[in-house]
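These are the residues of each chain, in order.
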Amino acid sequence: MCCARRGGVFAERGYHGASVGQIMDRSNVTKGGIYFHFASKEAMAAGVLEAGQNSVTIEVPDGPVSLQALITLVNGYAAPPLTDPVLRGALRLAGEREFEGSAWHERLHLTLTGLLTDAAHAGELLSHIAPAETADLITTVLAGLHRYTPVPTAGDGAIERIAAMWRHLLPSIAIPALIPALDLQLRPPEPAAPEDHSEEAPLMSSVGSTPRAPLIARALLGNGTGR
């Protein structure tokens, strides 16, 4: 049964708003057919969340400025779910109380903390900035982003909100001399074509670890540690 169709229902309605009947209609399967694959609606949602967590890696260009790598990573993270129903559904579910404590936000937080720690060591941050605290703030913003812009047609709104976050946040964390050189990338590069998230297709494996976070966001939503 197509994971993308289930993901689309959860993206649009959330866990509590989605019904098994709506998922059946979207997937064009009978009640017997859907329960042959899943024991409950919770199991259907868990499958979407797992598919999303295991499908995304975002490459970050290697460069001397860690804050620029952070901006590229966050903007790239925000872009793919605008066109991929599985990722939109997984992000929506990750914010639901039933799925709190999932590895999704923890891995993102660890990756962002790594980039911000690199930036602090390079003298790019103001001296009082705590990398983990700033990573927590950015993670919280991203967690709510697709809850308020849950459909592809709202893509411009999501990008504008990320840009607004940077305009407010960067003066509070970055040294003033660096800010004019940072590219907020209001139009991040087009994401790669969505993977086949059907149960029959193998999920993408996580990217192997590398010594320094800016080289690549190792398994941002996959099985890596983020550092």
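Notes on the structure follow. (Residues numbered from 1 in each chain as written. Predicted model: local features only at pLDDT ≥ 70, side-chain atom pairs only at ≥ 80, totals over all residues. Heavy atoms only, no water.)

What to know about the overall build of the protein chain
From N to C terminus, the protein chain includes 9 helices and 0 strands. Burial statistics for the protein chain: of 227 residues in total, 50% are counted as buried. Taking contacts inside the protein chain between residues at least 6 apart in sequence as the whole, the part at least 24 apart equals 74%. Split by element, the accessible area of the protein chain, about 10600 Å² in all, is 56% carbon and sulfur. (Helix = DSSP H or I, 4+ residues; strand = E, 2+ residues; numbered from the N terminus. Buried < 20%, exposed > 50% of the residue type's maximum accessible area, 1.4 Å probe, protein only. Contact = heavy atoms within 4.5 Å. Areas by Shrake-Rupley, 256 points an atom, 1.4 Å probe, with all protein chains shown as cover.)

Let's talk about the pattern of salt bridges
Between side chains of opposite charge, pairing is possible as soon as their charged atoms come close. This structure, assessed with the given rule, holds 1 salt bridge. With a shortest N-O distance of 3.0 Å, R26 and E12 are connected by a salt bridge. Here R26 is found in helix α2 (residues 20–27), whereas its partner E12 is found in helix α1 (residues 3–17), with 14 residues between them in sequence. Its relative accessible area of 38% is what places E12 among the partly exposed residues. (Salt bridge = Lys/Arg side-chain N within 4 Å of Asp/Glu carboxyl O.)

Quick notes on the nonpolar core
One recurring pattern in soluble globular proteins is that nonpolar side chains are buried together. One finds L67, L70, V74, I138, L142, W166 and I173 to be the most contacted residues of the largest nonpolar core, which totals 30 residues. The set of elements that each furnish at least two residues to this core consists of α5 (66–78), α7 (103–121), α8 (131–148) and α9 (155–173). For this core, the element with the most residues is α5, which contributes 8 residues. In this structure, I34, F38, V48 and L49 belong to the second largest nonpolar core, which totals 20 residues. (Core = buried A, V, L, I, M, F, W, Y, C linked by side-chain atoms within 4.5 Å.)

A few points about helix α6 (residues 85–94)
With 9 of 10 residues buried, α6 is to be regarded as a mostly interior element. Inspection of α6 places V86, L87, R88, G89, A90, L91, R92, L93 and A94 among the buried residues, and these make up the whole buried set.

Examining the packing of aromatic side chains
Counted according to the given criterion, the structure contains 1 aromatic pair. With centroids separated by 6.4 Å and ring planes inclined at 15°, the aromatic side chains of F10 and Y15 adopt a geometry described as stacked. We note K41 situated over the ring of Y15; from NZ or CZ to the ring centre the distance is 4.5 Å. (Phe/Tyr/Trp six-rings, centres within 6.5 Å; stacked < 30°, edge-to-face > 60°. Lys NZ or Arg CZ within 6 Å of the ring centre and 35° of its normal.)

Considerations on unusual backbone geometry
Even without glycine at this site, N28 takes up a positive phi of about 55°. Its place among the elements puts N28 in the loop between α2 and α3 (31–37).

What about helix α4 (residues 41–53)?
Spanning 13 residues, α4 covers 18 Å between terminal C-alpha atoms, matching the ideal 18 Å at 1.5 Å per step. Turning to α4, its buried residues number three or more, namely K41, M44, A45, V48, L49, A51, G52 and Q53. (Expected span 1.5 Å × (residues − 1).)

Focus: the environment of I175
Within the element layout of this structure, I175 appears in the segment after α9. For I175, a relative accessible area of 29% corresponds to the partly exposed category. Taking C-alpha positions, I175 is 8.9 Å from S127, a pair spaced 48 residues apart along the chain. In contact with I175, not counting residues within four places along its chain, are G123, E124, L125 and L126.

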